[in-house]
Amino acid sequence: MNGCDPSVENQSNPACSQQVELQYLADIIMSEGAARNAPSDPVRAQLSACMAAWRPALERPLDLAGRDCALPAPQWHWQRLLEHVGNGEKRESDLDRARRLYHARWLAHLLAPERAEYQPRVTILIPVFNRAAMAIEAVESCLAQDCKALEILVVDDGSTDDLAGALARFGGAVRLHRQPNGGVSSARNAGIRLATGDFIHFLDSDNLLLPKAVSRKIEAFAHFADAELCYSLAVMKGARAADLPPVIRPGSGPGCPTISLLNCGHPHPFYVSCVMLPRFTLLSAGGFEEDLQRGEDTRLWSKLALREIKVIGLDAELTVRRLSEATLSATPIEPSLHFAIRARMIADFLGSSRAWRRARKTYRATLPLVLGDGARGPLSPVPERDLANLLAAISALGTGVRPEGVSPLPLLAYLRHVTSGSLVARSARHRDGTDLLGTLYATIDRAARRAARLTPPDLAFWAEAATLDRSVGRFQSFIDKSRRLIASDPAALSVIDELLRSASLIPGKRAFRTYLRLRRWKVPRWVSLKLIERWPS
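Presented here is an overview of the structure given in this document. (Residues numbered from 1 in each chain as written. Predicted model: local features only at pLDDT ≥ 70, side-chain atom pairs only at ≥ 80, totals over all residues. Heavy atoms only, no water.)

## Things to note about the overall build of the chain
Consideration 1: Each helix and strand counted, the chain has 20 helices and 9 strands in total.
Consideration 2: When the 537 residues of the chain are sorted by exposure, 55% land in the buried category.
Consideration 3: A separation threshold of at least 6 residues defines the contact pool for the chain, and within that pool the share at least 24 residues apart is 77%.
Consideration 4: Looking at the chain as shown, the accessible area adds up to about 22,700 Å², and 53% of this sits on carbon and sulfur atoms. (Helix = DSSP H or I, 4+ residues; strand = E, 2+ residues; numbered from the N terminus. Buried < 20%, exposed > 50% of the residue type's maximum accessible area, 1.4 Å probe, protein only. Contact = heavy atoms within 4.5 Å. Areas by Shrake-Rupley, 256 points an atom, 1.4 Å probe, with all protein chains shown as cover.)

## Side note on the environment of Tyr231
Consideration 1: Counting through the fold element by element, Tyr231 comes out in strand E7 (residues 227-238).
Consideration 2: Separated by 14 residues in sequence, Tyr231 and Lys217 place their C-alpha atoms 7.8 Å apart.

## Describing the packing of helix H11 (residues 335-350) against helix H13 (residues 384-396)
Consideration 1: Close contact between H11 and H13 brings their axes to 9 Å; oriented N to C, the two are set at 20°. With respect to H13, the element H11 is oriented roughly parallel. Along this stretch, H11 crosses H13, giving a crossing that reads as left-handed. The residues of H13 that touch H11, namely those facing Phe339, Ala340, Ala343, Arg344, Ile346, Ala347 and Leu350, are Arg385, Asp386, Leu387, Asn389, Leu390, Ala393 and Ile394.
Consideration 2: Partitioning the contact of H11 with H13 into residue classes produces 10 nonpolar, 1 polar and 3 charged. (Axes fitted to C-alpha atoms, helices over the stretch in contact; angles between N-to-C directions. Parallel < 35°, antiparallel > 145°, perpendicular 65-115°, else oblique. Left-handed = near helix turned anticlockwise from the far one by under 90°. Nonpolar A, V, L, I, M, F, W, Y, C, P; charged D, E, K, R; others polar.)

## Observations concerning the environment of Ser141
Consideration 1: Tracing the backbone shows Ser141 in helix H5 (residues 132-143).
Consideration 2: Here Ser141 falls in the buried class, since its relative accessible area comes to 9%.
Consideration 3: Residues Ser141 and Leu208, spaced 67 residues apart in sequence, show a C-alpha to C-alpha distance of 5.8 Å.
Consideration 4: Not counting residues within four places of it along the chain, the set of residues in contact with Ser141 comprises Leu203, Leu208 and Leu209.

## Focus on the packing of aromatic side chains
Consideration 1: In the structure shown here, the tally under the stated rule is 13 aromatic pairs.
Consideration 2: Measuring from ring centre to ring centre gives 4.6 Å for Phe199 and Phe221, while their planes differ by 45°; the resulting arrangement is tilted. With Phe199 in strand E5 (residues 199-202) and Phe221 in helix H8 (residues 213-223), the pair connects residues that are 22 residues apart, well separated along the chain.
Consideration 3: Both rings, one in Phe202 and one in Phe288, keep their centres 5.5 Å apart while their planes meet at 75°; by these two values the pair is edge-to-face. Residue Phe202 is found in strand E5, and its partner Phe288 is found in the loop between helix H9 (279-285) and helix H10 (296-306); the two are separated by 86 residues along the sequence.
Consideration 4: Judged by relative accessible area, which is 3%, Phe288 ranks as buried.
Consideration 5: Aromatic ring contacts, followed pair by pair, group Tyr102, Trp106, Phe199, Phe221 and Phe280 into a single cluster.
Consideration 6: Sitting above the plane of the Phe288 ring, Arg188 keeps its charged end 5.0 Å from the centroid.
Consideration 7: Cation over ring: Arg321 sits above Tyr271, and NZ or CZ is 4.5 Å from the ring centre. (Phe/Tyr/Trp six-rings, centres within 6.5 Å; stacked < 30°, edge-to-face > 60°. Lys NZ or Arg CZ within 6 Å of the ring centre and 35° of its normal.)

## Here's the deal with a positive patch on the surface
Consideration 1: A cluster of basic side chains, namely Arg484, Lys509, Arg510, Arg513 and Arg517, defines a positive patch on the protein surface.
Consideration 2: In terms of residue count, helix H19 (residues 509-520) provides more of the positive patch than any other element does, 4 residues in total.
Consideration 3: Take Lys509: it is sitting in helix H19.
Consideration 4: Its relative accessible area of 52% is what places Lys509 among the exposed residues. (Patch = residues over 30% accessible without salt bridge, like charges linked within 9 Å, V, L, I, M, F, W, Y side chains within 5 Å. Salt bridge = Lys/Arg side-chain N within 4 Å of Asp/Glu carboxyl O. Lys, Arg positive; Asp, Glu negative; His and termini not counted. Charge placed at Lys NZ, Arg CZ, Asp CG, Glu CD.)

## Structural notes on the nonpolar core
Consideration 1: Membership of the largest hydrophobic core comes to 94 residues, with the highest contact counts inside it found for Phe202, Leu229, Leu304 and Leu350.
Consideration 2: Examining the composition of this core, we find that 9 residues originate from one element, H11, more than from any other.
Consideration 3: Contact partners of Phe202, with chain neighbours within four places excluded, come to Leu125, Arg188, Ile192, Val272, Ser273, Val275, Leu277, Leu282 and Phe288.
Consideration 4: Counting residues in each nonpolar core, the second largest holds 68 residues, with Cys4, Ala112, Ala222 and Ala227 among its members. (Core = buried A, V, L, I, M, F, W, Y, C linked by side-chain atoms within 4.5 Å.)

## A closer look at the packing of helix H3 (residues 73-82) against helix H4 (residues 94-111)
Consideration 1: Closest axis-to-axis distance for the H3/H4 pair is 9 Å, and the angle between their directions is 150°. In terms of axis orientation, H3 runs roughly antiparallel to H4. As H3 packs across H4, the resulting crossing turns out to be left-handed. Along its contact with H3, which presents Ala73, Pro74, Trp76, His77, Trp78, Arg80 and Leu81, the element H4 presents Arg100, Tyr102, His103, Ala104, Trp106, Leu107, Leu110 and Leu111.
Consideration 2: Tallied by class, the residues present in the contact of H3 with H4 amount to 11 nonpolar, 2 polar and 2 charged.

## Comments concerning the pairing of strand E9 (residues 310-323)
Consideration 1: Within E9, 12 of the 14 residues are buried, leaving the element largely enclosed by the surrounding structure.
Consideration 2: In this structure, strand E1 (residues 64-65) lies alongside E9, joined through 2 bridges in antiparallel fashion. Along E9, the bridge assignment pairs Ala65 with Gly313.
Consideration 3: Both strand E6 (residues 207-209) and E9 contribute to a ladder of 3 bridges, which runs antiparallel. Bridged to Leu209 within E9 is Thr319.
Consideration 4: Note that E7 and E9 share 10 bridges and pair parallel. Note that in E9 the partner of Ala234 across the bridge is Thr319. (Pairing = 2+ DSSP bridges.)

## Some thoughts on the side chain of Asp96
Consideration 1: Assignment of secondary structure puts Asp96 in helix H4.
Consideration 2: The buried category is assigned to Asp96, whose relative accessible area is 12%.
Consideration 3: Of the polar contacts made by the side chain of Asp96, one reaches the side chain of Ser93; its length is 3.0 Å. (Polar contact = N/O pair within 3.5 Å; in protein donor to acceptor, adjacent residues only side chain to side chain.)

## What about unusual backbone geometry?
Consideration 1: Phi is positive for Asn130, close to 55°, though the residue is something other than glycine.
Consideration 2: Relative to the helices and strands, Asn130 resides in the loop between strand E2 (122-128) and H5.
Consideration 3: One non-glycine residue, Lys522, lies in the positive phi region at around 70°.
Consideration 4: Its location among the elements puts Lys522 in the loop between H19 and helix H20 (525-532).

Laid out in structure tokens, this is it:
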């Protein structure tokens, strides 16, 4: 096998058999992605000839799922490379170099796959804290990979069990970085900064990689040049194997992250030890949030989702997850930390209409954390900084903005609706959690009253979103009725706008009809709202 990519075994490209055609790319690779001038016309002509002669070696594997790239792989990498060369005196960053190196190496590899120096490099990143024995087994699984263009990087996060001594048997095959204890996010971020690979494959110290875990993913990226994350499935072992929900199988339907990570609707779309990404993707996303001791991977996936990266997946078990009572995932996440993660996600999602479907779902799923589940009681302590950022994001929608040209009014009306319903239900039993609910309600209500005016395209936006979500319910029913109404009576749009702007609950069918009649009869808005409160359904 040639390096890590079985899809190019024994393939060659006669048009690029000589080093001269690829010298421009080789210089970028040898300099580890250092800045270069734009290619000359002769270089462009030579590389264009190489790319025109290129053909993929093998058919796409049947267990590989993803959305097709708009361009052949060499042209795609070439266009991305040109965006990052010839930028004059622009200050260089690690991200710039990583991105440039990634595209140069991939293009050279596709055009001359027989050359070992052009093989994509992978860093397997293993954060470890006081798990020397299990880390040894994790490293052994890395050394058993059928791909040899590997860096095995172990980050010792302040262990006290002599991890360095345990790893000494591997000599130079393993690179060890030691740091004071800062948590798994800090350890992973250190590894991302230190890694020399074009890709990073994560591996927790209690998990194992099967021998083809890396090579299969390299092959997958060869078939999808514009992908920025590849995941696989896992073999689940241990006493707690049945406790964790399975990840979504690649290509399994509209809710799959290979269709859209942003709209997959699953907070845990893949296990971190099953994932490989370009290093530049992690650098551009800012890595993991180091103040999160748990749920840091969920938070990273949400940030990548907002960037709308392309996800590809292998319907194959390539990682072994070993689950015991001693693993971190065996301990439930504290409600305050869970709320902090959700609040950050919602605040991000509210900033773009593309993410409002996720914002709606995530907000509704977060309300039980505010109220408590009966065993732990209401949320305490409240993560004040994350709450303040969430309230600020909600308030920003009440400044007349139209993100991507869409009014946030229907979204705010929905958020107020579910908050009001929870507030009423909670108050009927006891007051725990109602102060925070009341704060959320007041902020949403104020933003809704000041939001940009409703237009027919705004209703069309939510009708399409509901179709994609396959959702039914009062909100969707209201949107559908409103669209039908303004199709025959455009003047009704202003009444629908004021109803969304002012009603604490989205009205049901009877209340909606009643409100429209009252307003046509010139009954004051506040009186009409009071009257329809009798018919919430």
